[in-house]
Amino acid sequence: MTNHRPGKLNLNAFLMSSGHHEASWRLPESGPDATGHDIAHLRRLAQIAEAGRLDSIFFADSPGLFGDVGRRPAGTLDPLIVLTAIAAVTERIGLIATASTTYNSPYNLARRFASIDHVSAGRAGWNVVTTAGPDVARNFGLDDQPAHAVRYERAAEFLDVAVKLWDSWEDDAIVADKASGVWADAAKVHPPQHVGQHFSVAGALNVPRSPQGRPLIVQAGSSEDGRGLAARYAEAVFTAHQTLADAQVFYRDLKARAVAVGRDADSVRILPGIVPVIGATAAEAQEKERELDELIQPEYAQRQLARTLRLDPEDLPLDRELPDDLPDEDQIEGAKSRYTLIVELARRERLTVRQLIGRLGGGRGHRTFAGTPEQVADALQEWYDAEAADGFNIMPAALPSGLEQFTTHVLPILRDRGLFRHDYEGTTLRDHYGLARPANQYTTARHTPAEYTTTAVGA
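Along each chain, residue indices are assigned from 1 in the same order as the chain's sequence is written. At least 70 in pLDDT is required for a residue's local features to be given in this predicted model, at least 80 for side-chain atom pairs to be given and counted, and no such filter applies to totals for whole chains, interfaces and linings, which use all residues. Only heavy atoms go into the side-chain values, all of them from the structure, while hydrogens and water stay out.

Draft legend 1. Highlighting the overall build of the protein chain. Numbering of helices and strands runs from the N terminus, with a helix taken as a DSSP run of H or I at least four residues long and a strand as a DSSP run of E at least two residues long. For the protein chain, the count of helices and strands is 14 helices and 13 strands. Burial classes follow relative accessibility: with a 1.4 Å probe on protein chains only, a residue under 20% of its type's maximum area counts as buried, one over 50% as exposed, and anything between as partly exposed. Counting over 459 residues, the protein chain shows a buried share of 54%. Residue pairs at least 24 apart in sequence account for 78% of intrachain contacts in the protein chain once pairs closer than 6 positions are excluded. Element-wise, carbon and sulfur atoms account for 50% of the exposed surface of the protein chain, whose accessible area totals about 19200 Å². In this analysis, two residues are considered to be in contact whenever any of their non-hydrogen atoms come within 4.5 Å of each other. With residues, only the protein chains shown are counted as cover, and all accessible areas are computed by Shrake-Rupley using a 1.4 Å probe.

Draft legend 2. Representation of helix 2 (residues 79–87). The buried fraction of helix 2 amounts to seven of the nine residues, a majority that puts the element mostly inside the structure. Along helix 2, the residues that are buried comprise Pro79, Leu80, Val82, Leu83, Ala85, Ile86 and Ala87. Definition of a polar contact: a pair of N or O atoms within 3.5 Å, with one able to donate and the other able to accept a hydrogen when the atoms are protein atoms, and with sequence-neighbouring residues admitted only if both atoms are side-chain atoms. Two to three positions downstream of the cap, the backbone nitrogen of Leu80 sits 2.9 Å from a side-chain oxygen, assigning the N-cap of helix 2 to Asp78.

Draft legend 3. Structural context of the pattern of salt bridges. Between Lys or Arg on one side and Asp or Glu on the other, a salt bridge is scored when a side-chain nitrogen of the former is within 4 Å of a carboxyl oxygen of the latter. This model, assessed by the stated rule, comprises 21 salt bridges. A salt bridge links Asp266 to Arg269; the shortest N-O distance between them is 2.4 Å. On the basis of relative accessibility, which here comes to 14%, the residue Asp266 falls in the buried class. Measuring nitrogen to oxygen at the nearest pair gives 2.7 Å for the salt bridge that ties Arg417 to Glu374.

Draft legend 4. Geometry of the confidence of the model for the protein chain. Known as pLDDT, the predictor's confidence for each residue is given on a scale from 0 to 100. Mean pLDDT over the protein chain stands at 88; residues scoring 70 or higher make up 88%. Across residues 445–459, confidence stays below pLDDT 50; counting only partners more than four residues off in sequence or on other chains, it has 22 contacts.

Draft legend 5. The arrangement of the packing of helix 1 (residues 39–51) against helix 13 (residues 401–416) in detail. Packing of helix 1 against helix 13 brings their axes to within 9 Å, and their N-to-C directions diverge by 10 degrees. In this view, helix 1 runs roughly parallel relative to helix 13, as classed from their interaxial angle. Contacts between helix 1 and helix 13 involve Arg44, Leu45, Ile48 and Ala49 from the first element and Leu403, Glu404 and Thr407 from the second. Across the contact of helix 1 with helix 13, the residue classes tally to four nonpolar, one polar and two charged. Orientation is described by axes fitted as lines to C-alpha atoms, over the contacting stretch for helices, and by angles from 0 to 180 degrees between their N-to-C directions. What sets the label is the angle itself: under 35 degrees gives roughly parallel, over 145 gives roughly antiparallel, 65 to 115 gives roughly perpendicular, and the rest give oblique. Side-chain classes follow a simple rule in which Ala, Val, Leu, Ile, Met, Phe, Trp, Tyr, Cys and Pro form the nonpolar group, Asp, Glu, Lys and Arg form the charged group, and the remainder, Gly included, forms the polar group.

Draft legend 6. Here's a closer look at the nonpolar core. Among the nonpolar cores identified, the biggest contains 68 residues, and Leu11, Leu54, Ile57, Trp126, Trp166, Phe406 and Leu414 are the most heavily contacted of them. For this core, the element with the highest residue contribution is helix 5 (residues 148–166), accounting for 10 residues. Every residue in contact with Leu414, bar those within four places of it in the chain, is listed here: Leu9, Leu11, Ala377, Leu380, Leu419 and Phe420. We call a set of buried Ala, Val, Leu, Ile, Met, Phe, Trp, Tyr and Cys residues a nonpolar core when their side-chain atoms join them within 4.5 Å.

Draft legend 7. Up close: the environment of Ala220. When you line up the elements, Ala220 lands in the loop between strand 9 (216–219) and helix 6 (224–233). Excluding residues that lie within four positions of it along the chain, Ala220 makes contacts with Asn127, Val128 and Phe238.

Draft legend 8. Geometry of the side chain of Ser168. As for its position among the elements, Ser168 is in the loop between helix 5 and strand 5 (174–177). Those residues in contact with Ser168 that lie beyond four places of it in its chain are Lys188, Val189, His190, Ala204, Leu205 and Tyr442.

Draft legend 9. Highlighting the packing of helix 5 against helix 6. One way to put it is that helix 5 packs onto helix 6 with a least axis distance of 10 Å and a crossing angle of 10 degrees. With respect to each other, helix 5 and helix 6 are oriented roughly parallel. Between helix 5 and helix 6, the residues in contact are His148, Ala149, Tyr152, Ala155, Ala156, Leu159 and Asp160 and Asp225, Gly226, Leu229, Arg232 and Tyr233, respectively. Residues that form the contact of helix 5 with helix 6 fall into these classes: seven nonpolar, two polar and three charged.

Draft legend 10. Unusual backbone geometry, seen in detail. Leu399 connects to Pro400 through a cis peptide bond whose omega is 5 degrees. For Pro400, the position within the fold is in the loop between strand 13 (391–394) and helix 13. A positive phi angle, close to 35 degrees, is found at Ser17, a residue other than glycine. Among the secondary structure elements, Ser17 is positioned in the loop between strand 1 (10–14) and helix 1.

Draft legend 11. Just helix 5, in detail. An expected span of 1.5 Å times one less than the residue number is assigned to each helix. For helix 5, which comprises 19 residues, the first-to-last C-alpha distance of 27 Å matches the rise-based estimate of 27 Å (1.5 Å per residue) to within 8%. Helix 5 sits mainly inside the fold: 14 of its 19 residues count as buried.

Draft legend 12. Representation of the pairing of strand 5. Where strand 5 meets strand 6 (residues 182–184), two bridges bridge the pair, whose relative direction is antiparallel. By the bridge assignment, Asp177 is partnered in strand 6 with Val182. Linking strand 5 back to strand 6 in an antiparallel pair, the connection comprises four residues, with Gly181 at a positive phi of about 75 degrees. At least two bridges found by DSSP between two strands are what make those strands a pair.

Draft legend 13. Up close: the environment of Asp144. Position of Asp144 relative to the elements: it lies in the loop between helix 4 (134–138) and helix 5. By relative accessible area, which is 45% here, Asp144 ends up partly exposed. For Asp144 and Ala132, which are 12 residues apart along the polypeptide, the C-alpha to C-alpha distance reads 9.9 Å. Setting aside chain neighbours within four positions, we find Asp144 in contact with Pro134 and Ala137.

Draft legend 14. Representation of the side chain of Ser210 in the model. In this structure, Ser210 sits in the loop between strand 8 (200–201) and strand 9. Note on Ser210: relative accessible area 2%, which makes it buried. Every residue in contact with Ser210, bar those within four places of it in the chain, is listed here: Ala114, Asp117, His118 and Arg437.

Right, here's the structure in full:
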C-alpha cells in the first residue's frame, strides 16, 4: 500500500463549552457564557476557527445528560441545530456534528444532514457513533444498551440506508421545464425500497441531492467493530492515541482495511486528537497545565473513572494503582477502545488513580501536550511525517483562549513549513479534505430531455 502524502495537514477544531480540560470552566478567563448552550459563544468559536482557515469544526453529542453536572458545565444544544445557526455566520469552514445510529432513524437523520448541507452550501459532516452507556438506553425505553456488536450491525445498515436516501435524487433530476410542465424527471428519483434486519425504508428522500452529494462521513470508534465500520464508510476518522507507535499501528491498519474493501487508502483521513496547552515558553505552558490540573476535583473525576472501568469508586483508592483484576476489553459493551487506552496508559506508566485522573482531565484519553508554539508544531509534524496521522483533531484545553493561541501562533509556523494552506482552496467540506464528490449510485444511461417520464415528481 502506497499512501499519498499531499503535504498539507487536515485540521479540525473540536469545540466543547469552556474547553476540553474538565476544570477549564474554573479559570478566571472563563465567563458564565462559555457553555454548550450559549449560541453566541459557539458562533464566536466557529468564527475564530474559520479565520484560521481550519478545515472544520466539530461538536460531540450524546442523547443523554453528558458527564457529571457536579464536575463541569453540562447540557448541550442539539448540534444539528447549532450547525444551522453557525452556517449563517460563516462562509467556508466545515460543520461536523455527532449523531447516533442507535437512537435515531435513517430517514429523519439523512434528511437533517442533507438539509444542513443545502443550508451551508456543502459544508456538512456527520460523525457517526453507536452511543455507549446504559443511562442513555434508559432514556429510550430500554433496560440496557444493545450489545456492542449489535450496535455496529445496526450502524452499518443505517449508513447503507442513508446513502441510498442521499442518492435517491440524481443530480439532474430537477429539470424545471416550464414549457412541458415537468418540474422533475421521476425516472431519476429512486425510492430505496429497503427491507433489512433493522430498518424498512420505502420512499425517496424529500430533499433533493445536496451540494456535496452526501455529507462527509466521520467515525470515531477504534475497536475492532469500529475499525471495520470506518474502513467501509468513513472519510475522516477521529481517534485517540497516547504514543506515536500506537498511532502508527492504527494508521497502517485502517488504511490497509480500506484498501481491502476496495477503497483508495487516501480516501480516509485519520486525525488523532491532541490537547495543546500553549505558552510563550515551555515553562509557562507547563505551569498553565499544572494550574488546570490542580483545579480538578478528584472525587468527581474518581466517580467518572469508576463508571468507565465498570467499578465502584471505593475500588479506586486515589493513591494506589488500578486493581489487577480489571475486565478484558471483550467483556466491555461500552466504549471498548477508550477503555483499553485508559487501562494501558495506567499500566504502562504505573500511574496511581490520582495521577491517571490528572492525565485524563485534559482530554479523556487523547494526547495532551504542553509547549511553545514551535514545540506544538514540531509535535504535529513528527506524527504527520511518521505516517501516524493525516492531520489532527485540535482540542483546546480552554476556550476561547486555546483556540486563539493555536490559530494565531501555531498555524503560521505550520504554514511557513508548507504543512498548512494560507487560504481555503475550495468551498465545500470535501474540498477542504481533498475528497472527491461521490457519484450517485443510481446514475446510468439516461433518456434525452424530450423523453421525460409522464409521472413527474411534484407534477
